[in-house]
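A closer look at the structure
These are the residues of each chain, in order.
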Amino acid sequence: MLDKAVKILKSGGVVAFPTETVYGIGALLSSRKGINKIYKLKKRPRNKPLQVLAPSLAEAKKLAKFNPTALILAKKKWPGPLTLVLPAIKGKKTIGIRVPAHPLILKLLKKTGPLAATSANESGEKPALTAMEVIATLPDLDLVIDGGKAKLGKASRVIDLTGPTPKILR
């Protein structure tokens, strides 16, 4: 299943997968085609950025500038349900990044590298907690990886560390 997911992602497809929080959908960070498909599938406004899921802190450091507070939080809470908004190393001004704790998505990320991702649902609706909910909500996905029910059932905490003081966004 993971090898099939890698092939789909490399061809510009979008894959759904379990995380410890909710089910997510993702595309290769380098795939404009896949990222555009995420926005279309979710009916997501283009001004709402996607988060990045990374396989490790080392990989996350290649994409974001970690200040001392961010490093402490990442080392203490990753892998886990914490998204850090940090200055991006290139491109956009900021990047929301996390290392998820679910073993299936971590295995996939180790094969693909970081993914542009978001929750598996139409924009503004409740996130899916099972593979069947994903299929019912987003039937045009290229692949759904079934990893059982999401344990936490709510999206990750998001902390913005781009300003002088940390700001909890969610």
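Preceding this section is the structure that the text describes.
This report concerns the structure included in the present document.

On to the overall build of the chain. Across its full length, the chain carries six helices and nine strands. Its C-alpha atoms give the chain a radius of gyration of 15 Å, near enough to 15 Å, the size a compact globule of 170 residues would have. Counting only C-alpha atoms, the chain reaches 45 × 30 × 30 Å along its principal axes. Across the 170 residues that make up the chain, the buried fraction comes to 51%. In the chain, the share of contacts with a sequence separation of at least 24, taken over all contacts with a separation of at least 6, comes to 60%. Taken as a whole, the chain presents about 8,900 Å² of accessible surface, with 57% of it coming from carbon and sulfur.

Take a positive patch on the surface next. Taken together, the side chains of K76, K77, K154 and R157 present a region of like positive charge at the surface. One can find R157 in strand β8 (residues 157–160). For R157, a relative accessible area of 43% corresponds to the partly exposed category.

Structurally, K149 is set in the loop between β7 (143–144) and β8. Residue K149 is classed as exposed on the basis of its relative accessible area, which comes to 60%. Between the alpha carbons of K149 and M1 there is a distance of 18 Å; along the sequence they are 148 residues apart. Among all residues touching K149, those that are not within four sequence positions of it are L129 and T130.

Glancing now at the layout of surface pockets. In this structure, the largest pocket spans a volume of roughly 1,100 Å³. Around the largest pocket, the lining is made up of 46 residues, and of these P49, L50, Q51, V52 and A117 lie nearest the centre. Those elements that provide at least two residues to the lining of the largest pocket are β2 (23–28), α2 (32–42), β3 (51–53), β4 (82–87), β5 (94–98) and β6 (115–119). Here the lining of the largest pocket is built from residues that sort into 21 nonpolar, 15 polar and 10 charged.

Procedures and definitions
Residues numbered from 1 in each chain as written. Predicted model: local features only at pLDDT ≥ 70, side-chain atom pairs only at ≥ 80, totals over all residues. Heavy atoms only, no water. Helix = DSSP H or I, 4+ residues; strand = E, 2+ residues; numbered from the N terminus. Rg over C-alpha atoms; globule rule 2.2 N^0.38 Å. Buried < 20%, exposed > 50% of the residue type's maximum accessible area, 1.4 Å probe, protein only. Contact = heavy atoms within 4.5 Å. Areas by Shrake-Rupley, 256 points an atom, 1.4 Å probe, with all protein chains shown as cover. Patch = residues over 30% accessible without salt bridge, like charges linked within 9 Å, V, L, I, M, F, W, Y side chains within 5 Å. Salt bridge = Lys/Arg side-chain N within 4 Å of Asp/Glu carboxyl O. Lys, Arg positive; Asp, Glu negative; His and termini not counted. Charge placed at Lys NZ, Arg CZ, Asp CG, Glu CD. 1 Å grid on protein atoms, 1.4 Å probe; cavity = no way out; pocket = protein on both sides within 12 Å on 5 of 7 lines; lining within 4 Å. Points joined across faces, edges and corners; volume = space filled by probe spheres on them. Nonpolar A, V, L, I, M, F, W, Y, C, P; charged D, E, K, R; others polar.

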